[in-house]
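Each chain, letter by letter, is given below.
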Amino acid sequence: MKKLLLSALLSGLMVAATAHASTPTEHFKGEPADTLSQAVANFSETNQQLAELLAQDELSLEDLGTIHELTYTLENALEKINEEAEAMAVNLEEVHLGSETGDFERVQNHGADYLEAAQTLVN
């Protein structure tokens, strides 16, 4: 009788797990990252939340759901940071080329844009 009850219980759990696994994952938008400073702030705060969750000895299904949601915010932040890093690279190259050719205006204009973004990343 115990074996029959255990078998029925395990079968029920497997059906429930299969139904849960086959349910489409709900997608979230995450926090927006419209500016580099917003992206850096979201990146920092959300990484801290993720670190706290991952520091636990065990993760619950609720924790995994929270982690899933956090990844959307992190992805948004990284996308913006990458966009801005590409623009920084372009501005830095302009500073480099301007310094080689003695183009003071080019160095100053692109240098200011480069530093503004760079300081946002490191502060």
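Here's a quick rundown of the structure.

## Topic: the packing of aromatic side chains
Right, so step 1: Here the structure, examined in full by the defined rule, presents one aromatic pair.
Right, so step 2: Where phenylalanine 28 meets tyrosine 72, the ring centres are 6.3 Å apart and the plane angle is 70 degrees; that geometry is what we call edge-to-face. With phenylalanine 28 in the loop between helix H1 (2–22) and helix H2 (36–54) and tyrosine 72 in helix H3 (residues 61–101), the pair connects residues that are 44 residues apart, well separated along the chain.
Right, so step 3: With a relative accessible area of 29%, phenylalanine 28 lands in the partly exposed category.
Right, so step 4: According to the relative accessible area criterion, tyrosine 72 is buried, its value standing at 14%.

## With respect to helix H4 (residues 104–122)
Right, so step 1: With 19 residues, H4 should cover 27 Å at 1.5 Å per step; its first-to-last C-alpha distance of 26 Å lies within 8% of that length.
Right, so step 2: Those residues of H4 hidden inside the fold are in contact with H2 and H3.

## As for the side chain of aspartate 63
Right, so step 1: Residue placement: aspartate 63 occurs in helix H3.
Right, so step 2: Put simply, aspartate 63 is tucked away with no salt bridge, and the nearest opposite charge, on lysine 29, sits 25 Å away.
Right, so step 3: Within the local environment of aspartate 63, its side chain forms a polar contact with the backbone nitrogen of serine 60, the two atoms lying 3.0 Å apart.
Right, so step 4: What aspartate 63 contacts, discounting residues up to four positions off in sequence, is Leu53, Gln56 and Glu58.

## Section: the packing of H2 against H3
Right, so step 1: At a minimum axis separation of 8 Å, H2 and H3 run at an interaxial angle of 150 degrees. Our classification of the angle between H2 and H3 gives roughly antiparallel. In this structure, H2 crosses over H3, and the sense of that crossing is left-handed. Here Leu36, Ala39, Val40, Asn42, Phe43, Thr46, Asn47, Gln49, Leu50, Leu53 and Leu54 of H2 lie close against H3, whose contacting residues are Asp63, Thr66, Ile67, Leu70, Thr73, Leu74, Ala77, Leu78, Lys80, Ile81 and Glu84.
Right, so step 2: Its residues placed into classes, the contact of H2 with H3 shows 13 nonpolar, six polar and three charged.

## A word on the side chain of lysine 80
Right, so step 1: Residue placement: lysine 80 occurs in helix H3.
Right, so step 2: Relative accessible area serves as the criterion here: at 14%, lysine 80 is assigned to the buried category.

Rules of the game
Numbering of residues starts from 1 in every chain and runs along the sequence as written. With pLDDT at 70 or above as the cut-off, local features in this predicted model cover only qualifying residues; side-chain atom pairs require 80 or more to be listed or tallied, and sums for whole chains, interfaces and linings still use all residues. To obtain the side-chain values, all non-hydrogen atoms of the structure were used and water was disregarded. The rule is short: rings of Phe, Tyr and Trp, with Trp giving its six-membered ring, pair when the centres are within 6.5 Å, and they are stacked under 30 degrees, edge-to-face over 60, tilted in between. The secondary structure listing takes helices from DSSP runs of H or I that are at least 4 residues long and strands from runs of E that are at least 2 residues long, numbered from the N terminus. Only protein chains enter the accessibility calculation, which uses a 1.4 Å probe; a residue whose area is less than 20% of its type maximum is buried, one above 50% is exposed, and one in between is partly exposed. Multiplying one less than the number of residues by 1.5 Å gives the expected span of a helix. The criterion used for residue contact is that any of the two residues' heavy atoms lie within 4.5 Å. Only four residue types enter the tally: Lys and Arg on the positive side, Asp and Glu on the negative side, with His and both chain ends excluded. Basic side-chain nitrogens of Lys or Arg form a salt bridge, by our definition, when they fall within 4 Å of a carboxyl oxygen of Asp or Glu. As used in this structure description, the phrase polar contact means that two N or O atoms lie within 3.5 Å; if the pair is within protein, one of them must be able to donate a hydrogen and the other to accept it, and residues adjacent in sequence are counted only when both atoms belong to side chains. A fitted line through C-alpha atoms serves as each axis, taken over the contacting stretch for helices, and the angle formed by two N-to-C directions is quoted from 0 to 180°. Any angle that is under 35 degrees is reported as roughly parallel, and any over 145 degrees as roughly antiparallel; angles of 65 to 115 degrees are reported as roughly perpendicular and all others as oblique. Crossings are assigned a handedness: left-handed for a near helix turned anticlockwise from the far helix by less than a right angle, right-handed for a clockwise turn. Classes in brief: Ala, Val, Leu, Ile, Met, Phe, Trp, Tyr, Cys and Pro nonpolar; Asp, Glu, Lys and Arg charged; the others, Gly included, polar.

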